[in-house]
Amino acid sequence: MDEIIKATAPDLEIPSQDFTGVYGSDPCTIVIVGATGDLTARKLVPALFNLYLNDGLPKPFHIVGCGRTRLDNQQFRGRMETALDAAGSLDRSKWLKFAESIHYCVIDYEDLSSYRDLAEFLRDLDEKKNAPGNRIFYFSLPPSLYKTVAQMIGRVGLAKEGEENNGWSRVVVEKPFGRNLETAVDLDQSIREYFQEHQIFRIDHYLAKETVQNILMFRFANSIFEPIWNRRYIEHVNITAVETLGVEHRAGYYEQAGVIRDMFQNHMMQLLALTAMEPPSLFQADQVRDEKVKAFKSLRPFPVDNLYKYLFLGQYGSGTINGNAVRPYRDEPGVNPNSLTPTFAVMKVFIDNWRWQGVPFYLTSGKRLAKKLTEIAIQFKEVPHSMFRKTLGQTIAANRLRLGIYPDEKVTLTFQTKNPGAKVRLRSVTMDFSYDQNYSGPILDAYEKVLIDCMLGDQMLFWRQDSIEHSWSFLTPILDECESCDNRENMLRIYEAGGQTPRLLP
Ligand code: BG6
């Protein structure tokens, strides 16, 4: 193993001039721990390669993949190349140059001496390039290894900033961050033994989506929406993230997680916070994250003794997606044939504060539904008095604002107009803004954005620990109740794959 780890860093042809790429980050090395897993080939290396193609990486920049599998640099580069090729995103001549910055170290996650070798390898790499020793440790690992790996990195001195030939040191942790409140606190304490909060980047890729970032701009860079963004004008809010995909090859993880841990504890809670939070005084990471915490703190504790009224859980059965027959969840490879893991949930939640008192927020997420749709729909109240009631009846459809995240990246406002013609009639029309309208520049993929922000040390789009804990404090009692109640089986409805999204009635 050591001989692979100790391979001296080859000279890179990427010129190490004093130029730091278009985003201006410091030179650094990204150490991907768990690099032989799916995420590295599917998301991380393609995102880094794309940044390289667009001159978005600092110079010098290195990728060091670490994993248990015995590979050498060439074999690891070959794997990455094959993955990029399969995704159709390989410019071979550029790749060859980029690949020179990719290295591989075999690591035994439980063995301290492996990390000593890694530390030596990293220092050697930096010395050769006269680089400042800045490092990002990206955990692309099963969550059960987060604690061990964070501690080992700390024990060999790689978490210390500005000492022992280190520059800055950051750790990126993928979700799930714990599986309930207790384990999230415990995980945090282990990481914090060596890393401080400003060094910890807890990812939620939803936050890096352009259209999700836009929510705060939309709300707080316009004066016309904020005055009506409250209980006086809003009837309810629907936050939806449904997809056609099933569990794919992730049964091992998903069986333990289910939809609430997989989607609600992270993405849905962030969409809720962005929709409901108060305006921060400054657009800076801590101010924004302070307001999110306040929103989480205001969540009304879930009525666990009356769960069914506020929560619907489902699991996909068989059905048809895009014309193809798909198997039920319980027949998926790796899934327990009697599994009670929910793949779908709708939750009705309330935020107990002045702005939102009495306004229900419906959070809906699930797999194997008719289409992939992610959006926030704000349903306004009906007009208080209809002067058209004699001609048009009492009801006039109320305004609706949709913040489309996928597939339509657009903002749509629905309102009433007069239908042309002699007869008095109304018609609903929409005013649309498409996100790419009048913009032809590059759009960063969520992982590209996450990686850039991490290199820049900007934590705006990452979870802070207090928010994680408040969010778990809200969800843990629900999970406990769902997972321990006697009629667990009756709580779970089997829904048809490819069918319409079930909704909770207001
Ligand atoms: C991930 C979940 O975090 O988000 C997946 O683990 C889900 O189960 C995915 O499919 C959805 O992300 P997106 O960006 O495709 O909406």
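Notes on the structure in this doc start here. These figures come from a predicted structure and were not determined experimentally. (Residues numbered from 1 in each chain as written. Predicted model: local features only at pLDDT ≥ 70, side-chain atom pairs only at ≥ 80, totals over all residues. Heavy atoms only, no water.)

Glancing now at the overall build of the protein. The helix and strand inventory of the protein stands at 15 helices and 17 strands. The C-alpha atoms of the protein give a radius of gyration of 25 Å, which matches the 23 Å a tight globule of 506 residues would have. Overall, the protein is about 85 × 55 × 45 Å in size when its C-alpha atoms are taken along their principal axes. Per-residue burial over the protein gives 54% buried out of 506 residues. Of the contacts formed within the protein by residues at least 6 apart in sequence, a portion of 77% connects residues at least 24 apart. On the protein, roughly 22,900 Å² of surface is accessible, and the fraction owed to carbon and sulfur atoms is 49%. Both charge centroids of the protein, one from 59 positive and one from 64 negative side chains, sit 9 Å from each other. (Helix = DSSP H or I, 4+ residues; strand = E, 2+ residues; numbered from the N terminus. Rg over C-alpha atoms; globule rule 2.2 N^0.38 Å. Buried < 20%, exposed > 50% of the residue type's maximum accessible area, 1.4 Å probe, protein only. Contact = heavy atoms within 4.5 Å. Areas by Shrake-Rupley, 256 points an atom, 1.4 Å probe, with all protein chains shown as cover. Lys, Arg positive; Asp, Glu negative; His and termini not counted. Charge placed at Lys NZ, Arg CZ, Asp CG, Glu CD.)

A few words now on the pairing of strand β11 (residues 361-366). Most of β11 sits out of view: six of its six residues are buried. Covered by surrounding structure in β11 are Phe361, Leu363 and Ser365 together with Tyr362, Thr364 and Gly366, the residues of both alternating faces. The pairing of strand β7 (residues 234-242) with β11 spans six bridges and is parallel. Bridge assignment links Thr240 to a residue of β11, and that residue is Thr364. When strand β10 (residues 344-349) meets β11, the two strands line up antiparallel, connected through six bridges. Its bridge partner lying in β11, Lys348 is registered against Tyr362. (Pairing = 2+ DSSP bridges.)

Formed by 150 residues in total, the largest nonpolar core has its most connected members in Phe98, Phe139, Phe264 and Met347. With 13 residues, helix α9 (residues 251-276) is the single largest residue contributor to this core. Setting aside anything within four residues of it in sequence, one finds Phe264 in contact with Val259, Met269, Ala345, Met347, Leu363, Thr364, Ser365 and Leu475. (Core = buried A, V, L, I, M, F, W, Y, C linked by side-chain atoms within 4.5 Å.)

A word on the pairing of strand β4 (residues 135-139). Counting buried positions over the five residues of β4 gives five, a clear majority of the element. Burial along β4 is two-sided: Arg135, Phe137 and Phe139 and Ile136 and Tyr138, pointing in opposite directions, are all buried. Relative to β4, strand β1 (residues 28-33) runs parallel, the two being bridged by five bridges. Looking across to β4, one finds that Val33 is bridged to Phe139. The pairing of β4 with strand β5 (residues 169-173) spans five bridges and is classified as parallel. Across the sheet, Phe137 pairs through a bridge with Val171, a residue of β5. Following the chain from β4 across helix α6 (residues 146-155) to the adjacent parallel β5, one finds a crossover that is right-handed. (Right-handed = clockwise from strand over helix to strand, strands pointing away.)

In this section: the packing of aromatic side chains. Inspection of the entire model under this criterion finds 20 aromatic pairs. Each member of the aromatic cluster is reached from another via a ring pair, and the members are Phe49, Tyr52, Trp95 and Phe98. Above the plane of the ring of Tyr406 lies Lys372, whose end atom (NZ or CZ) is 5.4 Å from the centre. (Phe/Tyr/Trp six-rings, centres within 6.5 Å; stacked < 30°, edge-to-face > 60°. Lys NZ or Arg CZ within 6 Å of the ring centre and 35° of its normal.)

Quick look at the sheet that holds β1 now. What the seven strands build is an open sheet, ordered β3-β2-β1-β4-β5-β6-β16; its pairing is mixed. Of all the strands in the sheet, just β3 (102-106) and β16 (462-463) have a single pairing partner and so form its edges.

What follows is about the packing of helix α10 (residues 285-297) against helix α14 (residues 465-484). The packing of two helices is summarised by the inter-axis angle and the distance between the axes. Put simply, α10 and α14 touch, their axes get as near as 9 Å, and they point 15° apart. Between α10 and α14, the crossing angle belongs to the class labelled roughly parallel. The interaxial crossing formed by α10 with α14 has left-handed handedness. From α10, Arg289, Lys292, Val293, Phe296 and Lys297 reach across to α14, where they touch Asp466, Ser467 and His470. (Axes fitted to C-alpha atoms, helices over the stretch in contact; angles between N-to-C directions. Parallel < 35°, antiparallel > 145°, perpendicular 65-115°, else oblique. Left-handed = near helix turned anticlockwise from the far one by under 90°.)

So, on to α6. Buried within α6 we find Tyr146, Val149, Ala150, Met152, Ile153 and Gly154. Packed against the buried residues of α6 are β1, α5 (112-129), β4, β5 and α7 (181-192). Gly157 lies just past α6 and shows a positive phi near 85°.

Tracing the backbone through its elements, the reader meets Pro342 in the loop between β9 (324-326) and β10. Sequence-wise, Pro342 and Leu313 are 29 residues apart; in three dimensions their C-alpha atoms are separated by 5.9 Å. In this structure, Pro342 is in contact with Tyr254, Gly258, Val259, Leu313, Gly314 and Leu492, ignoring residues within four places of it in sequence.

Around the ligand sit Lys175, His205, Tyr206, Lys209, Glu243, Arg250, Asp262, Met263, His267, Lys367 and Lys372, and that is every residue in its neighbourhood. Take Tyr206: an N or O atom from its side chain is 2.5 Å from an oxygen atom of the ligand. A distance of 2.9 Å is found between an oxygen atom of the ligand and a side-chain nitrogen or oxygen belonging to Lys372. Its atoms largely coinciding with the cavity grid, the ligand occupies the largest pocket. A per-class count over the shell around the ligand returns two nonpolar, two polar and seven charged. (Near = heavy atom within 4 Å. Polar contact = N/O pair within 3.5 Å; in protein donor to acceptor, adjacent residues only side chain to side chain. 1 Å grid on protein atoms, 1.4 Å probe; cavity = no way out; pocket = protein on both sides within 12 Å on 5 of 7 lines; lining within 4 Å. Sits in = over half its atoms within 2 Å of the grid points. Nonpolar A, V, L, I, M, F, W, Y, C, P; charged D, E, K, R; others polar.)

Vacant regions in the atomic arrangement are exposed by a probe of water-molecule size rolled over the atoms. Considered as a void within the structure, the largest pocket measures approximately 1,500 Å³ in volume. Taken together, 48 residues make up the lining of the largest pocket; nearest its centre are Leu39, Arg42, Lys43, Arg250 and Tyr447. Listing elements by their share of the lining of the largest pocket, those giving two or more residues are α2 (38-53), α8 (210-220), α9, β13 (400-406) and α13 (446-456). Residue classes in the lining of the largest pocket are distributed as 21 nonpolar, 10 polar and 17 charged. (Points joined across faces, edges and corners; volume = space filled by probe spheres on them.)

Overall, the coordinates contain 27 salt bridges when judged by the stated rule. Close ionic contact of Asp286 with Arg464 constitutes a salt bridge, the shortest N to O distance being 2.6 Å. Here Asp286, found in helix α10, pairs with Arg464, found in the loop between β16 and α14; they are 178 residues apart in sequence, far enough to count as distant. According to the relative accessible area criterion, Asp286 is partly exposed, its value standing at 39%. Two residues, Arg402 and Glu375, come together in a salt bridge whose shortest N-O distance is 2.7 Å. (Salt bridge = Lys/Arg side-chain N within 4 Å of Asp/Glu carboxyl O.)

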